Every structure is written in structure tokens, then in C-alpha cells.
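Understanding the architecture of this molecule
These are the residues of each chain, in order.
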Amino acid sequence: MRYSIDENKKLATVYCSHADQESAKQQQTLKEFIAACRARKIFVCVFNSGDGDLLENTKELLAYNYQNAVTRVSKPRSRDDGAR
């Protein structure tokens, strides 16, 4: 397990391998790390290793995000949104 903390951004990142994800000891260490960060008001982002093909999953994610962004942009906004 690798982790880093950016005190200026109040952000901690944790990278967990498959072995880390399966180890009860590592998971307990992770829970304690997250609790310590929360006490210091530091946001924690945990990245877990996946099982799929990275290139194919990335292509699918980009295509999905592109389609949703285009859909959101093309929808007209209502004039009656409560703000004046």
C-alpha cells in the first residue's frame, strides 16, 4: 500500500494492490489511516487495483463521459429555475 498526503490541499491518496485489498491487516491499517486523516480534516481518496483491461476500460469510460456531457449540453435549460 502506498499513500501520500498533501497538507496544502488537505488531500490524502492511497493506492492499494490486490494483495492489500485481500489482507485483513492492510485493511485495518487503511481504516486507521482514514480515521486519522478525518480527525485532521483531510479528504482521503483510495484507489484499488482493478481486474479489467486498463485500455478498454479507459476507452469505455471516456466514451460514456463524452456521451453524457454532450447530452447535458444539448438539453435546453429551463428559464423557471427559481433564480432571478
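In case you missed it, the structure is sitting above this.
Fair warning: this is a prediction, and the values are worked out from it, not measured in the lab.

**Looking at the overall build of the chain**
Check the secondary structure of the chain and you find three helices and three strands. Taken from N to C terminus, the helices and strands of the chain fall in the order β-β-α-α-β-α. Contacts in the chain between residues at least 24 apart in sequence constitute 57% of all its contacts with a sequence separation of at least 6. Of the accessible surface of the chain, which amounts to about 7,400 Å², a share of 54% is contributed by carbon and sulfur atoms.

**Examining the sheet that holds strand β1 (residues 2–6)**
Spatial ordering of the open sheet is given by β1-β2-β3, a layout of three strands whose pairing is mixed. The strands lining the two open edges of the sheet, one partner per strand, are β1 and β3 (43–48). Between one strand and the next, the sheet's axes are offset by a mean angle of 15°, whatever the strand orientation. With six bridges joining them, strand β2 (residues 11–16) and β3 adopt parallel strand pairing. Within the sheet, the bridge partner assigned to Val14 lies in β3 and is Val46.

**Looking at the environment of Phe47**
Among the secondary structure elements, Phe47 is positioned in strand β3. Among the residues examined, Phe47 registers a relative accessible area of 39% and is labelled partly exposed. Residues Phe47 and Thr13, 34 residues apart in the sequence, show an inter-C-alpha distance of 7.5 Å. Excluding anything up to four places from it in sequence, Phe47 contacts Thr13, Val14, Tyr15 and Cys16.

**So, the nonpolar core**
Among the nonpolar cores identified, the biggest contains nine residues, and these are Ala12, Val14, Cys16, Leu30, Phe33, Ile34, Cys37, Ile42 and Val44. The set of elements that each furnish at least two residues to this core consists of β2 and α2 (24–39). Ranked by residue count, the leading element in this core is α2, at four residues. Apart from the residues lying within four places of it in its own chain, the contact partners of Val44 are Ala12, Val14, Phe33, Ile34 and Cys37.

The rules we used
- Residues numbered from 1 in each chain as written.
- Predicted model: local features only at pLDDT ≥ 70, side-chain atom pairs only at ≥ 80, totals over all residues.
- Heavy atoms only, no water.
- Helix = DSSP H or I, 4+ residues; strand = E, 2+ residues; numbered from the N terminus.
- Contact = heavy atoms within 4.5 Å.
- Areas by Shrake-Rupley, 256 points an atom, 1.4 Å probe, with all protein chains shown as cover.
- Pairing = 2+ DSSP bridges.
- Axes fitted to C-alpha atoms, helices over the stretch in contact; angles between N-to-C directions.
- Buried < 20%, exposed > 50% of the residue type's maximum accessible area, 1.4 Å probe, protein only.
- Core = buried A, V, L, I, M, F, W, Y, C linked by side-chain atoms within 4.5 Å.

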